[in-house]
Amino acid sequence: MSDAPDVSAAAPDFDFEHVPRTDQSFENALAKARDGCRLTVDDGVELLTTGTDRAGIDPVRKERVLEAADHRRAEMVGDDVTFVANLNNNVTTACDTGCLFCNFKDRASKFEADAPDDHGGFTKTPAESRQAVADAVELGISEVCSVSGLHPAFALDDEHREVLESHPAPEQVNYRPPDTYTTSPGTYVDQIRAMSVDGVHVHSMTPEEAYHARRGTDWSYEAVYRRLREAGLDSAPGTAAEILVDEVREVICPGKMDTEAWLNAMEGAMAAGLPVTATIMYGHVENAMHRVMHLKRVRDLQDRTGGITEFVPLSFIHQQTPLYDRGLVSGGATDAEDELMIAVSRLFLDNIENIQTSWVKFGDEKSLKTLSCGANDFMGTLLSEEITKRAGGDYGEFRSVADYVDMVTAIGRRPVERSTDYERRHPIDPDDAPHGPRLGPRADGTPILDRTPSLADD
Ligand SMILES: C[S@@+](CC[C@H](N)C(=O)[O-])C[C@H]1O[C@@H](n2cnc3c(N)ncnc32)[C@H](O)[C@@H]1O
Ligand SMILES: Nc1c(NC[C@H](O)[C@H](O)[C@H](O)CO)[nH]c(=O)[nH]c1=O
Ligand SMILES: N[C@@H](Cc1ccc(O)cc1)C(=O)O
Ligand code: SF4
């Protein structure tokens with residue numbers, strides 16, 4: 001990647017095959033959206049751009065799109081605003097995939113036993129993961145969300161490690177034995193087992209991680225996810241989606257799986273009986289056509305499977321990323337683009353019930369606003385967050401249940417704690433303070449802060 005251009009004042013134009021040109025008009029597309037008709041890609045592009053007949057976003061048209069999405073949200077899921085009491089427990093930052101939008105990763109060579117260990121990254125052993133989850137389960141969480149770098153010493157399980165150890169050229173499949181490194185992450189199965197504390201819901205193994213967990217074999221994604229499910233995996237996060245159009249992936253993550261492989265992995269997870277989430281990471285080099293093509297691919301996947309519980313638009317955090325450092329982008333999405341992305345996700349994805357707004361990406365003010373333009377889910381308590389923070393985001397890494405109650409009631413809506421799969425819901429009475437989690441295996445309503453002096457001190 002040393003052949004990337006030098007930093008320049010203006011971001012370059014990309015010569016993409018897919019561009020936002022349509023045969024539709026904004027007014028027709030909006031009328032279809034309001035009537036609840038299934039939208040075409042052209043309709044979606046008209047709404048997302050507030051009309052390809054004008055340059056820039058038209059503020060009046062934008063409000064009409066947001067209003068249509070807010071109506072649709074109320075019809076589809078009502079007025080409740082849900083959130084999950086969860087912990088992020090990411091296992092390792094070691095990753096050589098080289099995605100240009102990511103600053104979570106550290107080069108795996110920095111983790112080798114003979115390298116200085118002041119690299120700022122981390123790898124947790126299964127025992128360390130278990131302890132982190134056990135502590136959070138005591139605080140009342142119901143979910144652990146775990147997404148990690150593709151550490152070269154990771155294998156799916158002991159059988160996979162044997163395959164990788166006997167590979168004629170292990171470096172070709174991005175494998176190095178655990179004793180190369182100061183700390184071994186163990187196997188994916190070890191980590192999932194370790195995180196399964198008292199029946200807490202384990203949300204882990206993105207399609208990219210599943211790809212890593214079958215490298216050097218011809219095992220199907222379904223078979224890989226079955227083994228993980230047997231080890232205690234309950235659902236899979238649909239990150240690594242980025243933009244599901246290969247001409248964009250070639251620019252922002254040339255080392256990552258392609259669109260077809262991502263879709264196969266997601267189908268494999270669902271065939272193995274796991275619910276999944278789906279995401280889009282937008283606001284970098286892609287255009288409105290790419291964003292809506294992505295929505296179409298996700299909607300088609302849901303038509304085939306029905307297993308996607310929520311869709312999460314992740315706004316690109318640009319500050320400390322190679323894309324920004326190298327002048328390939330000059331910033332992230334604007335507020336208007338963020339609002340329209342949420343709204344058009346709601347209107348286009350007529351088969352996915354829940355649209356999540358990410359307070360980590362948007363901050364409180366903007367994420368609250370998005371709850372009135374299509375979103376109904378407000379993410380989770382997290383307790384720790386590294387991906388956005390390392391990319392330069394500055395909106396913190398913890399929300400208490402009391403924070404959720406304050407924020408959601410301030411916009412006149414009802415806060416509801418949910419389980420990861422949205423099957424269990426606990427509506428919260430704002431007058432019945434103090435507020436703490438109720439759905440975790442050890443949740444008794446005690447506020448998380450009351451149980452953790454160290455967090456309360458922050
Ligand atoms: C950091 S990866 C970890 C899991 C795994 N390595 C993978 O790629 O799926 C999880 C997701 O974080 C998101 N992400 C990474 N850097 C980001 C950034 N700068 N802004 C917004 N989202 C980002 C991407 O969508 C990525 O797929
Ligand atoms: N959107 C982000 C999340 N989302 C995780 C959710 O809280 C939860 O795991 C999901 O809703 C399961 O149903 N986590 C992050 O760390 N950063 C995000 O941007
Ligand atoms: N929200 C995603 C997971 C996720 C994790 C970390 C992120 O930075 C972004 C997203 C999901 O639940 O499927
Ligand atoms: S997004 Fe995931 S795969 Fe890509 S560099 Fe970051 S951690 Fe590695």
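Located above this text is the structure these notes cover.
Attention in this report is confined to the structure presented alongside it. For clarity, every value in this text was computed on a predicted model and none was experimentally measured.

1. A word on the packing of aromatic side chains
Argument step 1. Tallied over the entire structure, the rule returns five aromatic pairs.
Argument step 2. A ring pair is formed by Phe 154 and Tyr 188, whose centres lie 3.9 Å apart and whose planes are at 15°; its orientation type is stacked. With Phe 154 in the loop between strand 3 (143-146) and helix 5 (158-165) and Tyr 188 in helix 6 (residues 188-195), the pair connects residues that are 34 residues apart, well separated along the chain. Just as Phe 154 is buried, Tyr 188 falls in that class too.
Argument step 3. Among the aromatic side chains, those forming a connected cluster through ring pairs are Phe 83, Phe 378 and Tyr 404.
Argument step 4. In this structure, Arg 227 packs its charged tip against the face of Trp 219, placed 4.5 Å from the ring centre.
Argument step 5. If you follow Arg 399 out to its NZ or CZ, it ends over the ring of Trp 359, 4.3 Å from the centre.

2. Here's the deal with the sheet that holds strand 2 (residues 86-88)
Argument step 1. Read from one edge of the open sheet, three strands run 2-3-4, paired in parallel fashion. Only two strands of the sheet have a single partner each, and these edge strands are strand 2 and strand 4 (201-204). Here the average twist between neighbouring strands, direction ignored, is 20°.
Argument step 2. Where strand 3 lies against strand 4, four bridges are found, and the strand directions are parallel. Of the residues in strand 4, the one forming a bridge with Glu 143 is His 201.

3. With respect to the packing of helix 13 (residues 335-348) against helix 14 (residues 359-370)
How two helices sit against one another is set out by the angle between their axes and by the gap between those axes.
Argument step 1. Closest axis-to-axis distance for the helix 13/helix 14 pair is 10 Å, and the angle between their directions is 45°. With respect to their mutual orientation, helix 13 and helix 14 come out oblique. Considering only the axes of helix 13 and helix 14, their crossing is right-handed. Facing helix 13, whose interface residues are Asp 335, Asp 338, Glu 339 and Ile 342, helix 14 presents Phe 362, Lys 366, Lys 369 and Thr 370.

4. Points about the site of ligand 1
Argument step 1. Taken together, 20 residues are adjacent to ligand 1, and Phe 101, Thr 206, Ala 240, Glu 242 and Lys 256 come closest.
Argument step 2. Between ligand 1 and Thr 239, the relevant distance is 3.3 Å, taken from an oxygen atom to a side-chain nitrogen or oxygen of the residue.
Argument step 3. Each residue belonging to the shell around ligand 1 can be placed in one class, and the counts come to 11 nonpolar, five polar and four charged.

5. Re empty space enclosed by the protein
Argument step 1. Scanning all chains against the criterion turns up two cavities of 30 Å³ or more.
Argument step 2. The space that makes up the second largest cavity amounts to roughly 50 Å³.
Argument step 3. Across the lining of the second largest cavity, the residue classes break down as six nonpolar, four polar and one charged.

6. Some thoughts on the side chain of Gln 191
Argument step 1. Mapping Gln 191 onto the fold places it in helix 6.
Argument step 2. Judged by relative accessible area, which is 2%, Gln 191 ranks as buried.
Argument step 3. If we skip the residues at most four places from it in the chain, Gln 191 touches Val 91, Lys 124, Thr 125, Pro 126, Ser 129, Phe 154 and Pro 185.

Definitions and cut-offs
- Residues numbered from 1 in each chain as written.
- Chains lettered and ligands numbered in written order.
- Predicted model: local features only at pLDDT ≥ 70, side-chain atom pairs only at ≥ 80, totals over all residues.
- Heavy atoms only, no water.
- Phe/Tyr/Trp six-rings, centres within 6.5 Å; stacked < 30°, edge-to-face > 60°.
- Helix = DSSP H or I, 4+ residues; strand = E, 2+ residues; numbered from the N terminus.
- Buried < 20%, exposed > 50% of the residue type's maximum accessible area, 1.4 Å probe, protein only.
- Lys NZ or Arg CZ within 6 Å of the ring centre and 35° of its normal.
- Pairing = 2+ DSSP bridges.
- Axes fitted to C-alpha atoms, helices over the stretch in contact; angles between N-to-C directions.
- Parallel < 35°, antiparallel > 145°, perpendicular 65-115°, else oblique.
- Left-handed = near helix turned anticlockwise from the far one by under 90°.
- Contact = heavy atoms within 4.5 Å.
- Near = heavy atom within 4 Å.
- Polar contact = N/O pair within 3.5 Å; in protein donor to acceptor, adjacent residues only side chain to side chain.
- Nonpolar A, V, L, I, M, F, W, Y, C, P; charged D, E, K, R; others polar.
- 1 Å grid on protein atoms, 1.4 Å probe; cavity = no way out; pocket = protein on both sides within 12 Å on 5 of 7 lines; lining within 4 Å.
- Points joined across faces, edges and corners; volume = space filled by probe spheres on them.

All quantities given are derived from atomic positions and should not be read as evidence of function.
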